Amino acid sequence: MTTITLPALPYAYDALEPHISKETLEFHHDKHHQTYVTNLNNLIKGTDLEGKTLEEIIKASAGDASKAGIFNNAAQVWNHTFYWNSIAPNGGGKPTGAIAAKIDEAFGSYEKFAEEFANAATTQFGSGWAWLVADQVNGKLSITKTSNADTPLAHGQVAVLTIDVWEHAYYIDYRNARPKYISTFLESLVNWDYANAKLAGQPAGVEK
Ligand code: MN3
């Protein structure tokens, strides 16, 4: 039976230094992300969700209290793969491509977008994620934040970009300074090529 697997990081473990260390990526990918994959496979084993795609598992378990453990682990697998692709070496700064115009249209300017995104990521109380999402129908961009494992995929939104604001994402490199991690994400890490691909609906991700 097919199981859910952990995708390799799309770059070397030291590729994001000095912004995100090799040590952080080794813990975050090889330990945290792997644990969600392992837990999910254990939870779906022998159930009707075994053999389904990750997206099918997330949608089938969202909002079902009896499947909360499955949803939490499945969504965390998906969210983390999305996050690895949302960042890249030599990333960050102003967007290029189609998303630049869409951001101006939705927020007024890149600076206004950056301010709102940073604000959402900073004010997500406790563990969670901040997202740039597109409306499934009209494609309009907006910013949202989700708690713990929750994901735009469970709310009919198209994810375009995400930042993980669980403490394990930044504590080794930034200690408690979440705002510094967020500003570094925006200035030096955002993968606008990936965001453009998600916006265009291209299957550029490996989160499936
Ligand atoms: Mn994480």
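Residues numbered from 1 in each chain as written. Predicted model: local features only at pLDDT ≥ 70, side-chain atom pairs only at ≥ 80, totals over all residues. Heavy atoms only, no water.

Brief notes about the overall build of the protein
Part 1: Along the backbone of the protein there are eight helices and three strands.
Part 2: When its helices and strands are written in sequence order, the protein yields α-α-α-α-α-β-β-β-α-α-α.
Part 3: Here the C-alpha radius of gyration of the protein, 16 Å, is about what a compact globule of 208 residues would show, namely 17 Å.
Part 4: Counting only C-alpha atoms, the protein reaches 50 × 40 × 30 Å along its principal axes.
Part 5: Counting over 208 residues, the protein shows a buried share of 47%.
Part 6: Of the contacts formed within the protein by residues at least 6 apart in sequence, a portion of 68% connects residues at least 24 apart. (Helix = DSSP H or I, 4+ residues; strand = E, 2+ residues; numbered from the N terminus. Rg over C-alpha atoms; globule rule 2.2 N^0.38 Å. Buried < 20%, exposed > 50% of the residue type's maximum accessible area, 1.4 Å probe, protein only. Contact = heavy atoms within 4.5 Å.)

Looking at helix α3 (residues 68-86)
Part 1: Taking 1.5 Å of rise per residue, 19 residues should cover 27 Å, and α3 covers 26 Å from first to last C-alpha, within 8% of that figure.
Part 2: Among the 19 residues of α3, 16 are classified as buried, and the element is accordingly described as predominantly covered. (Expected span 1.5 Å × (residues − 1).)

A short note on the pairing of strand β2 (residues 141-147)
If a strand is regular, its side chains alternate between the two faces of the sheet.
Part 1: In this structure, strand β1 (residues 128-135) lies alongside β2, joined through seven bridges in antiparallel fashion. Residue pairing across strands places Trp 129 opposite Thr 146, the latter belonging to β2.
Part 2: Two successive antiparallel strands, β1 and β2, enclose a turn made up of five residues, where Gly 139 displays a positive phi of approximately 75°. (Pairing = 2+ DSSP bridges.)

As for the packing of aromatic side chains
Part 1: With the rule as written, the count across this model stands at 14 aromatic pairs.
Part 2: One aromatic cluster is present, formed by Trp 78, Phe 82, Tyr 83, Trp 84, Trp 129, Trp 131 and Tyr 194 through successive ring pairs. (Phe/Tyr/Trp six-rings, centres within 6.5 Å; stacked < 30°, edge-to-face > 60°.)

Side note on the environment of Gln 124
Part 1: Relative to the assigned elements, Gln 124 resides in the loop between α5 (110-123) and β1.
Part 2: Considering only alpha carbons, one finds Gln 124 and Asp 14, 110 residues apart in sequence, at a separation of 28 Å.
Part 3: Each residue touching Gln 124, except ones within four places of it in the same chain, is listed here: Trp 129, Lys 145, Thr 146, Ser 147, Val 165 and Arg 178.
Part 4: Here Ser 127 takes part through its backbone oxygen, which lies 3.2 Å from a polar atom of the side chain of Gln 124. (Polar contact = N/O pair within 3.5 Å; in protein donor to acceptor, adjacent residues only side chain to side chain.)

A word on the coordination of the manganese ion
Part 1: Only His 28 (NE2), His 80 (NE2), Asp 164 (OD) and His 168 (NE2) from the protein coordinate the manganese ion, and they sit 2.0 to 2.1 Å from it.
Part 2: Written as a sequence motif, the donor arrangement for the manganese ion is H-x51-H-x83-D-x3-H. Taken together, the positions of His 80 in helix α3 and Asp 164 in strand β3 (residues 157-164) put the pair 84 residues apart, joining distant regions of the chain. Side by side, His 80 and Asp 164 carry an identical accessibility label, which is buried. (Donors = N, O, S within 2.8 Å, 3.2 Å for Na, K, Ca; no water.)

What to know about helix α4 (residues 98-107)
Part 1: Restricting attention to buried positions, one finds in α4 the residues Ile 99, Ile 103 and Phe 107. All buried residues of α4 fall inside an arc of 45° around its axis, so they share one side. Counted as exposed and oriented over 90 degrees from the buried face of α4: Ala 98 and Glu 105.
Part 2: Where the residues of α4 are buried, they touch α5, β1, β2, β3 and α8 (192-199).
Part 3: Looking one or two residues past α4, Gly 108 carries a phi angle of roughly 100°, positive in sign. (Arc of directions from axis to C-beta.)

As for unusual backbone geometry
Part 1: At the junction of Glu 17 and Pro 18, the peptide bond is cis and its omega measures out at 5° in the coordinates.
Part 2: In this model, Asn 90 sits at a positive phi of 60°, which is unusual for a non-glycine residue.
Part 3: Tracing the sequence through the fold places Asn 90 in the loop between α3 and α4.
Part 4: Note on Asn 90: relative accessible area 80%, which makes it exposed.
Part 5: Its identity is not glycine, yet Arg 175 carries a phi of approximately 50°, on the positive side.
Part 6: Structurally, the position occupied by Arg 175 is in the loop between α6 (171-174) and α7 (178-189).

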